[in-house]
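Fold and contact review
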Amino acid sequence: MERLLLKAFNDAEMFLISAYIHVEDGDYWAFPHFKGKFRATECGGTSSGLSALGMLNIYTSNNEKAMEFNNALQWLIGKQRSNGSWQAAGIYSSEVTARIICDLACIDHSFMTEIERACDFLMSCYSNDGYFNSIVNPHAIPHLYTTYICVSALSRKGRLQNQNKQQIREWIEKSGSNDGLWGLVPNHSYGTISHTIFALEVLKICGVSNKELKKKYKKQIRWLKKQMKDFKVIYDLEEIREEKGSDEYGKCYHTSSTQHNVSALLGSFFLDLGYLRYATYITKIIIHSQCAGGWGPSRDKLTMWACQQNIEFLVRYMNIYNKQTKIQKLYFRFMGLKIGKILWGIAFILFGVACGWIIADNSRLEEAILSLILSFISAILGHFSNDILN
């Protein structure tokens, strides 16, 4: 597994370096939204690319390359508005600003003034009802992702007060969808993998322990585990619309699109709860889905943000994986989610052997009884395999 991870990291580094572009109109270096596009973007491009490289420096010997990307970092900081926000597609929003705050945490800690200004902007988008808006608009419909990314950014900088956390927790708890999960907006008709993870992660940040989460939200966590059947790399597209006024043609809206890397989200969530076998299974899927060193919704659209989010998960996974014993590593490598089926298969074989001995030769009764006992133990282990080593 270590070799697979290190190869994935090395290939990802080469992908990011090759995606780095020089923008002649302005004479600066930055990252595009996806490789092959020659227009720099702030969030989803430059901040994601720099963040990914910052994490990869842990496992590569090319630390001096960080100096080559200082131009892009300076460009990114220079694009911040006076109110602390950053933009994507011309829209200065809390989602973009929060994402860049999280990305900068992996790059450089010298921009404290800019980060504090960005946190102030996020707090200006906060409602005392316990959620965040995309822009400063008290009448907007709140989106769960907006609250998730803002809470994640602000918690890293210690900007959430206990009162805020209590309000946010209460809002999350009453915002579930009709099927008991969480969806795009409060009380949505159905829930999704990504938004259910957003809600549970926010609850954790707001003080809910892993033990309490597993007990109180057992149904939701069990549902997430069931999504592992025939699981593959998934990217959700979400549009967030904010009303900005009206004219003679009707209401006008800001519309921003966000894509969620469901595979990395789910893998990170399982890591947080200690479900390492599920995280291992997702790790293998992510590594095998790597294309030309990168990741993305399609082979011809390998994006910086997908690369950054997968690397963030893989780095976390490697740190935890390296702490396991050799036996546990073998377990994760060769069995993974299939151990239940394997143990059940062994149980049926032993049971068949025992029955054959009893029918064919009563003198081997002791062996038959031992085989039945081993069959019973194997069946029990197979049944409860979802909890082994978790």
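Everything quoted here is computed from the prediction, not taken from an experiment.

Digging into the overall build of the chain
Looking only at helices and strands, the chain features 16 helices and eight strands. Taking as baseline every contact in the chain between residues at least 6 positions apart, the subset at least 24 positions apart corresponds to 65%. Summing over all exposed atoms, the chain offers an accessible surface of approximately 19,000 Å²; the carbon and sulfur share of this is 54%.

Some words on helix H13 (residues 304-321)
Under the 1.5 Å per step criterion, the end-to-end length of H13 is 25 Å for 18 residues, consistent within 8% with the ideal 26 Å. Most of H13 is tucked away: 14 of the 18 residues are buried.

A word on the packing of helix H6 (residues 144-156) against helix H7 (residues 162-173)
For the pair H6 and H7, interaxial distance at closest approach is 12 Å and the crossing angle is 150°. With respect to their mutual orientation, H6 and H7 come out roughly antiparallel. The hand of the H6/H7 crossing is left-handed. Packed against H6, whose contacting residues are Leu144, Thr147 and Val151, the element H7 presents Ile168, Trp171 and Ile172 at the interface. Residues belonging to the contact of H6 with H7 are distributed by class as follows: five nonpolar, one polar and no charged.

Some thoughts on the packing of helix H11 (residues 262-273) against H13
At their nearest, the axes of H11 and H13 sit 9 Å apart, and the two run at 25° to each other. Of the possible angle classes, the one that applies to H11 and H13 is roughly parallel. The two elements H11 and H13 cross, and the hand of that crossing is left-handed. For the pair formed by H11 and H13, the contact residues are Ala264, Gly267, Ser268, Leu271 and Asp272 on the first element and Gln309, Asn310, Phe313, Arg316, Tyr317 and Ile320 on the second. Looking at the contact of H11 with H13 residue by residue, the class counts come to five nonpolar, four polar and two charged.

Some words on the packing of aromatic side chains
For any pair of aromatic rings, the description consists of the separation of the ring centres together with the inter-plane angle of the planes. For the coordinates displayed, the defined rule picks out 17 aromatic pairs. Geometrically, the ring pair formed by Tyr28 and Trp75 is stacked, given 4.8 Å between the ring centres and 10° between the ring planes. Taken together, the residues Tyr28 in strand S2 (residues 28-30) and Trp75 in helix H3 (residues 70-78) connect sequence positions 47 residues apart. The exposure class of Tyr28 is buried, given its relative accessible area of 16%. With a centroid separation of 6.1 Å and an interplanar angle of 15°, the aromatic rings of Phe31 and Phe69 are classed as stacked. With Phe31 in the loop between S2 and helix H2 (42-56) and Phe69 in the loop between H2 and H3, this residue pair connects regions lying 38 residues apart in the sequence.

Here's the deal with the pattern of salt bridges
According to the stated counting rule, one finds ten salt bridges in the structure shown. Between Glu312 and Arg156 there is a salt bridge, and its shortest N-O distance comes to 3.7 Å. With Glu312 in helix H13 and Arg156 in helix H6, this pair connects stretches of sequence that are 156 residues apart. For the salt bridge of Arg169 with Glu212, the shortest nitrogen-to-oxygen distance reads 2.9 Å. Remark: Glu212 occurs in helix H9 (residues 210-216) and Arg169 occurs in helix H7; sequence separation between them is 43 residues.

A look at the environment of Asp120
With respect to the secondary-structure elements, Asp120 resides in helix H5 (residues 112-124). Overall, the relative accessible area of 44% leaves Asp120 in the partly exposed class. Through-space distance from the C-alpha of Asp120 to that of Gly84 is 7.1 Å; in sequence the pair is 36 residues apart.

Details of the nonpolar core
When a protein is soluble and globular, its nonpolar side chains tend to lie buried together. Of all hydrophobic cores here, the largest spans 103 residues; its most connected members are Leu16 and Ile311. Counting residues per element, this core draws most heavily on H13, which supplies eleven residues. For Leu16, the contacting residues outside a window of four places in its chain are Phe31, Gly49, Ala52, Leu53, Leu56, Met304, Cys307 and Ile311.

Scoring rules and cut-offs
Residues numbered from 1 in each chain as written. Predicted model: local features only at pLDDT ≥ 70, side-chain atom pairs only at ≥ 80, totals over all residues. Heavy atoms only, no water. Helix = DSSP H or I, 4+ residues; strand = E, 2+ residues; numbered from the N terminus. Contact = heavy atoms within 4.5 Å. Areas by Shrake-Rupley, 256 points an atom, 1.4 Å probe, with all protein chains shown as cover. Expected span 1.5 Å × (residues − 1). Buried < 20%, exposed > 50% of the residue type's maximum accessible area, 1.4 Å probe, protein only. Axes fitted to C-alpha atoms, helices over the stretch in contact; angles between N-to-C directions. Parallel < 35°, antiparallel > 145°, perpendicular 65-115°, else oblique. Left-handed = near helix turned anticlockwise from the far one by under 90°. Nonpolar A, V, L, I, M, F, W, Y, C, P; charged D, E, K, R; others polar. Phe/Tyr/Trp six-rings, centres within 6.5 Å; stacked < 30°, edge-to-face > 60°. Salt bridge = Lys/Arg side-chain N within 4 Å of Asp/Glu carboxyl O. Core = buried A, V, L, I, M, F, W, Y, C linked by side-chain atoms within 4.5 Å.

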